[in-house]
Amino acid sequence: MKPVLLALLPPVLVLLLARAGATGAAGTAGSVRLEGGLTLGGLFPVHARGAAGRPCGPLKKEQGVHRLEAMLYALDRVNADPTLLPGVRLGARLLDTCSRDTYALEQALSFVQALIRGRGDLDEAALRCPGGVPPLRAPPPERVVAVVGASASSVSIMVANVLRLFAIPQISYASTAPELSDSTRYDFFSRVVPPDSYQAQAMVDIVRALGWNYVSTLASEGNYGESGVEAFVQISREAGGVCIAQSIKIPREPKPGEFNKVIRRLMETPNARGIIIFASEDDIRRVLEAAHQANLTGHFLWVGSDSWGAKASPILNLEDVAVGAITILPKRASIDGFDQYFMTRSLENNRRNIWFAEFWEENFNCKLTSSGAQSDDSTRKCTGSAGTPVMFNENGDAPGRYDIFQYQAANGSAGSAGSGGYQAVGQWAETLQLDVDALQWAGDPQEVPPSQCSLPCRPGERKKMVKGVSCCWHCEACDGYRFQADEFTCEACPRHMRPTRNRTGCRLTPVVRLTWSSPWAAPPLLLAALGIVATSTVVAAFIRHNNTPIVRASGRELSYVLLTGIFLVYAITFLMVAEPGAAVCASRRLLLGLGTTLSYSALFTKTNRIYRIFEQGKRSVTPPPFISPTSQLVITFSLTSVQVVGVIVWLGAQPPHSVIDYEEQRTVDPEQARGVLKCDMSDLSLIGCLGYSLLLMVTCTVYAIKARGVPETFNEAKPIGFTMYTTCIIWLAFVPIFFGTAQSAEKVILFSPWFCFFICFLPVHGSVGLNCPKSWATHRNDCLVARCIHVLKYAFTCLSFPLPSVCSFIHPCF
């Protein structure tokens, strides 16, 4: 296939060569020529791209003239050393690519002229000029055995496609496009710099080391920029943790205002401050100029490829915009003797470089005259790979070794004359070694500026990811009783725990109970103590006057039972404050309903006896059965035994124990949540425990209503009736209060006892006249005792019934 192609090339290439010659004559045609036995070609971007149809633009000192002089110096060193190539002198033909691939291709065709002419010559006998004069032949062009260059990857790719057809080796000193690693397409191409795939890996490692996860990319149109960005995007996607906000491409021929448009597009994602830039030197400079014009100095955080490197030209007079920029450059070493060589070049001793006069004018800002211009003492330093081993892998690529630089401001003023400079801050050779402490930034010099789509969530907040963008999220607080399980999840704390203050974990919920020293326990305990004292006083009075007619007439047996029930009702208050345990909980179950059952059983028996006596008296003079004191006690204890048996069965079926209730005081604010230590009695159990007492109370009330019409001398029925009416009203009020004030029990616990006292005690005291019978008028002391006994007995009977119900069960700690 290759011979066929070579046979077709001569006529085509002859036309291209003619066009190249015409272009060269009109533009900046010319080359540096050195005579030698073996001629090497060289391609250097001596000039930048031209504008408005011109192939070449301004002179490029560092990338162009410096590199060209470095090759001339290397040739001088090789030719001066007889041990390197004995008997062989190297020559050269060095061309200007003008940083444009099409122009470079036209120039590079001169490298294959000798080969084309040798293969395309026709039979000399067939060539005749008019008049039979033989044709004049131009001297044959020198044959180029190898080519050094080019700089831009797009230029190297264009030239390599031609040189490979003629088996001319090509070695580039700066082309880094990954495409050139394809040895099947570019089998005669090699390079002494690593491909952009290594460079892209190094840049990804730098971005991750700085904690950035949201960056934009900026590339010059062409193989170098587009391939570099493509490699960066692919590696960052594989590594994870880095998202690309925007990928912007700078056109090959940018229109006016194009770079301002680029800056505006970058500002569409202002959080992506990190800008990965694979661009030519000219494009880098114009991007920095546009950022400066947009007053965005210090906003963007540049990470530049080796096209930026440590060059001064892209940032000249734009140092303030470039402060903080991190750039990478393939490892290099100083060439001994080149500094002295380059500093001694002048117009007199360097006539072989046809562009040196232009460099002289550009460098010293002068215009040459016939006598030339004088040099000053400014110094330049050119470095290369001399002194280090030159290695190539199977694809003709050099290993990936980079130095990492940061442009830093000196004395905090990058814009001042002579300030600022590139400082080495690390290196990359398969792994990154970055001295983060050596980095300096605008604003806070020691704090790495962020380049993140979303700021990290605070403790106790989870990340709610934005669909389609793995580096962007919204922070959502873990509310209520939830804590941050991981960065994406909030979970509920276990039932017995509550979240920590920063909601990063759970902690045990404090357990509380009503203690003896609690202010909420003081009022019920005080009233209970007063009730016990008052009840004991009445009992003492009864015992003292036990055999008096008034005591016997009042039914002393049932009165003792009634007073015992009242005493138990007051005593249960102390059990409610005691620390819950098996014994305390069992005592609560037993005594909770026993006191009220005894009291209501005694009252029920008494009202039933009065009712039966008068009902029987209406029909006959025969007394009704079971009205004796013994019968009264049997009935009372029989009614009470139902309660006792029920409690015993309950204790056997469900043994008592204490529990911690975390739901009753589980407030909206977890900081206020508390676990309540209490006995294992539910609200339903409490109502069931008091249900039998309620039944007795209602029955007793019915008999009190029936007995309301008894003769006045039996005025004991009326106070009982009044007591039962009042008790029913308070119980009716207690039930909804009990079930509806779980969180406001403290108010009820203080209010209820005093409410009971004023509602029950005073009305009873005022309504129960206890006028003594005329037959007792001579026994004034007995009458007073009777009044005292009855008032206290029925007043404290009324007071005692709602007290345990309200005071013992409204507050959760009871």
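In this text, all values refer to a predicted model and were calculated from it rather than measured experimentally. (Residues numbered from 1 in each chain as written. Predicted model: local features only at pLDDT ≥ 70, side-chain atom pairs only at ≥ 80, totals over all residues. Heavy atoms only, no water.)

Summarising the element assignment, T509 is placed in the loop between β24 (506-508) and β25 (511-512). Those residues in contact with T509 that lie beyond four places of it in its chain are H496, M497, R498, Y662, A673, R674 and G675. (Helix = DSSP H or I, 4+ residues; strand = E, 2+ residues; numbered from the N terminus. Contact = heavy atoms within 4.5 Å.)

Direction vectors running N to C along helix α8 (residues 258-266) and helix α9 (residues 281-293) enclose 65°, while the axes themselves pass 9 Å from each other. Classified by the interaxial angle, the pair formed by α8 and α9 is roughly perpendicular. Crossing geometry of α8 relative to α9 is assigned as right-handed. Taken together, the residues of α9 that come into contact with α8 (itself represented by F259, N260 and I263) are D283, R286, V287, A290, A291 and Q293. Among the residues forming the contact of α8 with α9, the class breakdown is five nonpolar, two polar and two charged. (Axes fitted to C-alpha atoms, helices over the stretch in contact; angles between N-to-C directions. Parallel < 35°, antiparallel > 145°, perpendicular 65-115°, else oblique. Left-handed = near helix turned anticlockwise from the far one by under 90°. Nonpolar A, V, L, I, M, F, W, Y, C, P; charged D, E, K, R; others polar.)

The buried fraction of strand β27 (residues 674-679) amounts to five of the six residues, a majority that puts the element mostly inside the structure. As judged from the two bridges shared by β25 and β27, these two strands associate in the parallel manner. What sits directly across from V512, in β27, is V676. (Buried < 20%, exposed > 50% of the residue type's maximum accessible area, 1.4 Å probe, protein only. Pairing = 2+ DSSP bridges.)

On the surface, K255, K261, R264 and R265 cluster together into a positively charged patch. Relative to the helices and strands, R264 resides in helix α8. (Patch = residues over 30% accessible without salt bridge, like charges linked within 9 Å, V, L, I, M, F, W, Y side chains within 5 Å. Areas by Shrake-Rupley, 256 points an atom, 1.4 Å probe, with all protein chains shown as cover. Salt bridge = Lys/Arg side-chain N within 4 Å of Asp/Glu carboxyl O. Lys, Arg positive; Asp, Glu negative; His and termini not counted. Charge placed at Lys NZ, Arg CZ, Asp CG, Glu CD.)

Moving on, we get to the sheet that holds strand β7 (residues 170-172). Taken in spatial order, the six strands make up an open sheet running β1-β5-β2-β6-β7-β8, and their pairing is mixed. Both edges of this open sheet fall to β1 (31-34) and β8 (189-191), since each of them pairs with a single strand only. Going from strand to strand, the sheet's axes swing by 20° on average, the running direction of each strand aside. One ladder, built from three bridges, connects β7 with β8; its direction is parallel. Bridging across to β8, Q170 finds its partner in F189. Across the face of the sheet, helix α5 (residues 153-163) comes into contact with β2 (38-44), β6 (144-148), β7 and β8 while running at roughly 165° to β7.

Turning our attention to the confidence of the model for the protein. Residues of the protein with pLDDT of at least 70 account for 77%, and the chain-wide mean is 78. Overall, residues 1-28 carries pLDDT values under 50, and its contacts beyond four positions in sequence, including any with other chains, amount to 32 contacts. (pLDDT = per-residue confidence, 0-100.)

This part is about the state of the cysteines. Under the criterion given, the structure shown has seven disulfides. Here C243 pairs with C471 through a disulfide, and the sulfurs are 2.1 Å apart. The sign of the S-S torsion, about 80°, decides the handedness of the disulfide formed by C243 and C471: right-handed. On the criterion of sequence distance, the pair formed by C243 in strand β10 (residues 243-250) and C471 in strand β20 (residues 469-477) is long-range, its members being 228 residues apart. Linked covalently through their sulfurs, C453 and C472 form a disulfide whose S-S length is 1.8 Å. On the sign convention where negative means left-handed, the S-S torsion of about 110° between C453 and C472 marks this disulfide as right-handed. Residue C453 is located in the loop between β18 (431-434) and β19 (461-466), and its partner C472 is located in strand β20; the two are separated by 19 residues in the primary sequence. (Disulfide = S-S within 2.5 Å.)

Turning our attention to the sheet that holds β27. On the basis of which strands lie adjacent, the open sheet formed by three strands has the order β25-β27-β26 and mixed pairing. A strand with exactly one partner marks an edge of an open sheet, and here the two such strands are β25 and β26 (658-665).

Bringing the packing of aromatic side chains into the picture now. As enumerated under the stated definition, the model contains 16 aromatic pairs in all. Put simply, the rings of Y73, F338, Y341, F342, F356, F359, W360 and F364 touch in pairs and so form one group of aromatic residues. We note K463 situated over the ring of W473; from NZ or CZ to the ring centre the distance is 3.9 Å. Above the face of the Y481 ring, R666 is positioned so that its terminal group lies 3.8 Å from the ring centre. (Phe/Tyr/Trp six-rings, centres within 6.5 Å; stacked < 30°, edge-to-face > 60°. Lys NZ or Arg CZ within 6 Å of the ring centre and 35° of its normal.)

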